[in-house]
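# Topology and contacts: notes
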Amino acid sequence: VQLQASGGGLVQAGGSLRLACVVSGTAISRYIAGWFRQAPGKEREFVSSINKTGLRKQYLDSVKGRFTISRDNAKNMVYLQMNSLKPEDTAVYYCAADLDPRGVMDKSGEGYAYWGQGTLVTVSS
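This text gives an overview of the structure that appears in the document. Everything numeric in this text was worked out from a predicted model, so none of it was measured.

Attention now goes to unusual backbone geometry. For Asn76, which is not a glycine, the phi torsion comes out positive at approximately 60 degrees. Within the secondary structure, Asn76 is located in the loop between β7 (67–72) and β8 (77–82). For Asn76, a relative accessible area of 15% translates into the label buried. The phi dihedral of Met105 falls on the positive side, at around 55 degrees, and the residue is not glycine.

Quick look at the structure:
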């Protein structure tokens, strides 16, 4: 299972970016997916996750109403639409996936077995 994230870049505060994660080597429909981020000097934090059908979504409180996670199982893709970006959203963003057999949708990151390489999002003020 391989994940590759893309779509990061430099954007002004208030702007938007759409991150994409392509999954290869398996059918993404069998996996939950999540986005995590790590800012310079800080620990990795959960941003958002989505269950296998796309009907259940979770968000970090600070991104609720601004970020939207989605998935296209037919295309083996997971997306994170980020609107109204703030400088504090600056980080490397990682996509992750896991079979999650118990349906826990863990937010710690430890519940995800597969990770992409990360894409840098920089929001200028």
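Read on for the rest.
Positionally, Ser108 belongs in the loop between β9 (91–98) and β10 (114–115). Taking C-alpha positions, Ser108 is 17 Å from Val63, a pair spaced 45 residues apart along the chain. Setting aside its immediate chain neighbours within four residues, Ser108 contacts Phe36 and Arg44. Within the local environment of Ser108, its side chain forms a polar contact with the side chain of Asp106, the two groups lying 2.5 Å apart.

Turning our eyes to something else, we now look at the nonpolar core. Counting 28 residues, the largest nonpolar core has Trp35, Phe67, Leu80, Met82 and Tyr93 as its most contacted members. The set of elements that each furnish at least two residues to this core consists of β1 (2–6), β3 (17–24), β4 (32–38), β5 (45–50), β7, β8, β9 and β11 (119–124).

The rules behind these values
- Residues numbered from 1 in each chain as written.
- Predicted model: local features only at pLDDT ≥ 70, side-chain atom pairs only at ≥ 80, totals over all residues.
- Heavy atoms only, no water.
- Helix = DSSP H or I, 4+ residues; strand = E, 2+ residues; numbered from the N terminus.
- Buried < 20%, exposed > 50% of the residue type's maximum accessible area, 1.4 Å probe, protein only.
- Contact = heavy atoms within 4.5 Å.
- Polar contact = N/O pair within 3.5 Å; in protein donor to acceptor, adjacent residues only side chain to side chain.
- Core = buried A, V, L, I, M, F, W, Y, C linked by side-chain atoms within 4.5 Å.

Functional significance is not addressed by these values, which are geometric in nature.
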